[in-house]
Amino acid sequence: TIARSPPLPHHTTRPHQVQEGDEAGPPSRTALERERDLRGARSAETDRGGTREREREREREATRPRTQPMGGILGGSGDGGGPRPGEGEAASNAQKANISDPSAIKAVLDLATIHVMRERYEEDHLHSNLKLGLGFLACLVGVSAYLYPVPFPKNKWFLKWCVILYFVFSTVMQAITVVFFRDLVFVTKGKKYPTGKDHFYIRVVSRLPRYHTMYKLTLTAVLNDAPSRVEREIDIQEHFDVEGYFDQEKYCKVVEGMLSDALAAVGKKDK
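Predicted model, so just to flag it, every value in this text is computed and none were measured.

Asker: Could you give me a rundown of the overall build of the protein, with the residues and numbers involved?
Answerer: Per the secondary structure count, the protein includes five helices and five strands. Listing each helix as α and each strand as β along the protein from the N terminus yields α-α-α-α-β-β-β-β-β-α. Burial status across the protein gives 28% buried among its 271 residues. Taking contacts inside the protein between residues at least 6 apart in sequence as the whole, the part at least 24 apart equals 54%. About 19,100 Å² of surface is accessible on the protein, with carbon and sulfur atoms providing 56% of the total.

Put into structure tokens, the structure is as follows:
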């Protein structure tokens, strides 16, 4: 009869038996541990690959020629500058526009034009103040309709007049904006003409039709109801690169040249 050893308890772990010729060591890892280690290795490799890609991107940005960005106009550096061509600064400091969005391109050009005008003239805020005034009156009518102490339906006529007045104020504000201030970018306050006692002002209007690359800028200097108008169509492809970075310095020189032409023609009424 062969004597059998008593069974081991469930909580007892059978010790690892080392065969002859094997090196002593811990038990073999489970499949779960091997999978966890494999995932960790893959994650580390992905991180290293992403780091190398970011380093290569920074090297490419450092060596790529960069046009003059909007800088302080669009919220970059406060001096209106930014990375100059060849300086090798990161692209994060540069400003650019979505070249597939005409409204974004027009906004960049309009802001650059305003920047040039504000360096020389004080802005007339009549347009903005008029819109704010009419908007305030419309809001006042709405608040009055809400806070009127007489309950409905006794306040029926008061509510009707509030609706009518609100519609009138909104319509007048929209009509003034479309008729008198359409495409308006900047209006200067009256300034004394150097060779006389009269005052003149300058209106700046811009247009960029959809799906067009020609930005039309018009500067009109008015003296004694005699407007002298200077118009120029500017190709946006000459001031934006393929990535949307804006050459502010080049564009500002164009605006300054137009401004000089408009001032030289002040008092010469258009035919």
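Asker: Can you explain the packing of aromatic side chains? Please cite residues and give values.
Answerer: Applying the stated criterion across every chain yields a total of four aromatic pairs. Here tyrosine 148 and phenylalanine 158 contribute two aromatic rings whose centre-to-centre distance is 3.9 Å and whose plane-to-plane angle is 15 degrees, an arrangement assigned as stacked. With tyrosine 148 in the loop between α3 (126–147) and α4 (156–179) and phenylalanine 158 in helix α4, this pair connects stretches of sequence that are ten residues apart. Among the residues examined, phenylalanine 158 registers a relative accessible area of 28% and is labelled partly exposed. Each member of the aromatic cluster is reached from another via a ring pair, and the members are Tyr215, Phe240, Phe246 and Tyr251. The positively charged end of lysine 160 is found above the aromatic ring belonging to tryptophan 157, 4.4 Å away from the centroid.

Asker: Break down the packing of helix α2 (residues 102–118) against helix α5 (residues 248–264) for me, with residues and values.
Answerer: Two packed helices can be described by the angle between their axes and the distance between those axes. Contact pair α2 / α5: the axes reach a minimum separation of 10 Å and the direction vectors enclose 55 degrees. By the angle between their directions, the pair α2 and α5 is classed as oblique. Here α2 and α5 pass one another in a crossing that is right-handed. Between α2 and α5, the contacting residues are Leu109, Ala112, Thr113, His115, Val116 and Met117 on the first element and Gln248, Tyr251, Cys252, Val255, Glu256 and Leu259 on the second. Of the residues in the contact of α2 with α5, the class split is eight nonpolar, three polar and one charged.

Asker: Give a description of the pairing of strand β3 (residues 199–207) that names residues and reports values.
Answerer: Of the two faces of β3, the one lined by Phe200, Ile202, Val204 and Ser206 is fully buried and the one lined by His199, Tyr201, Arg203, Val205 and Arg207 carries no buried residue. Pairing of strand β2 (residues 191–192) with β3 involves two bridges; the strand directions are antiparallel. When the sheet's bridge partners are listed, lysine 191 is paired in β3 with phenylalanine 200. With eight bridges connecting them, β3 and strand β4 (residues 214–223) associate as antiparallel partners. Each bridged residue has a counterpart across the sheet, and for isoleucine 202 the counterpart in β4 is alanine 221. Between β3 and β4, which pair antiparallel and follow one another directly, the connecting turn spans six residues, one of which, tyrosine 211, has a positive phi of 65 degrees.

Asker: How would you summarise the pattern of salt bridges if you had to cite specific residues and measurements?
Answerer: Counted by the stated rule, this structure contains eight salt bridges. One salt bridge connects glutamate 231 with lysine 216, and the closest N-O pair in it is separated by 3.9 Å. Residue glutamate 231 is located in strand β5 (residues 226–235), and its partner lysine 216 is located in strand β4; the two are separated by 15 residues in the primary sequence. Linked by salt bridges that have partners in common, Glu119, Arg120 and Glu256 make up one network.

Asker: Report on a nonpolar patch on the surface, specifying residues and quantitative values.
Answerer: Together, Trp157, Trp161, Ile164, Phe167, Val168 and Val172 make up a nonpolar patch on the protein surface, roughly 670 Å² of accessible area in all. Here phenylalanine 167 shows up in helix α4. You can call phenylalanine 167 exposed: its relative accessible area is 58%.

Asker: Describe α5, listing the residues and the values that go with them.
Answerer: A rise of 1.5 Å per residue sets the reference length of α5, with its 17 residues, at 24 Å; its end C-alpha atoms lie 24 Å apart and thus fit the reference within 8%. Along α5, the positions that sit buried rather than exposed are Gln248, Tyr251, Cys252, Val254, Val255, Met258, Leu259 and Ala262. Along the axis of α5, the buried residues cluster in a sector spanning 155 degrees; they form a single face. In this structure, α5 carries Lys253 and Ala264 as exposed residues pointing more than 90 degrees from its buried face. In the core, the buried residues of α5 are packed alongside α2, β3, β4 and β5.

Analysis parameters
- Residues numbered from 1 in each chain as written.
- Predicted model: local features only at pLDDT ≥ 70, side-chain atom pairs only at ≥ 80, totals over all residues.
- Heavy atoms only, no water.
- Helix = DSSP H or I, 4+ residues; strand = E, 2+ residues; numbered from the N terminus.
- Buried < 20%, exposed > 50% of the residue type's maximum accessible area, 1.4 Å probe, protein only.
- Contact = heavy atoms within 4.5 Å.
- Areas by Shrake-Rupley, 256 points an atom, 1.4 Å probe, with all protein chains shown as cover.
- Phe/Tyr/Trp six-rings, centres within 6.5 Å; stacked < 30°, edge-to-face > 60°.
- Lys NZ or Arg CZ within 6 Å of the ring centre and 35° of its normal.
- Axes fitted to C-alpha atoms, helices over the stretch in contact; angles between N-to-C directions.
- Parallel < 35°, antiparallel > 145°, perpendicular 65-115°, else oblique.
- Left-handed = near helix turned anticlockwise from the far one by under 90°.
- Nonpolar A, V, L, I, M, F, W, Y, C, P; charged D, E, K, R; others polar.
- Pairing = 2+ DSSP bridges.
- Salt bridge = Lys/Arg side-chain N within 4 Å of Asp/Glu carboxyl O.
- Patch = residues over 30% accessible without salt bridge, like charges linked within 9 Å, V, L, I, M, F, W, Y side chains within 5 Å.
- Expected span 1.5 Å × (residues − 1).
- Arc of directions from axis to C-beta.

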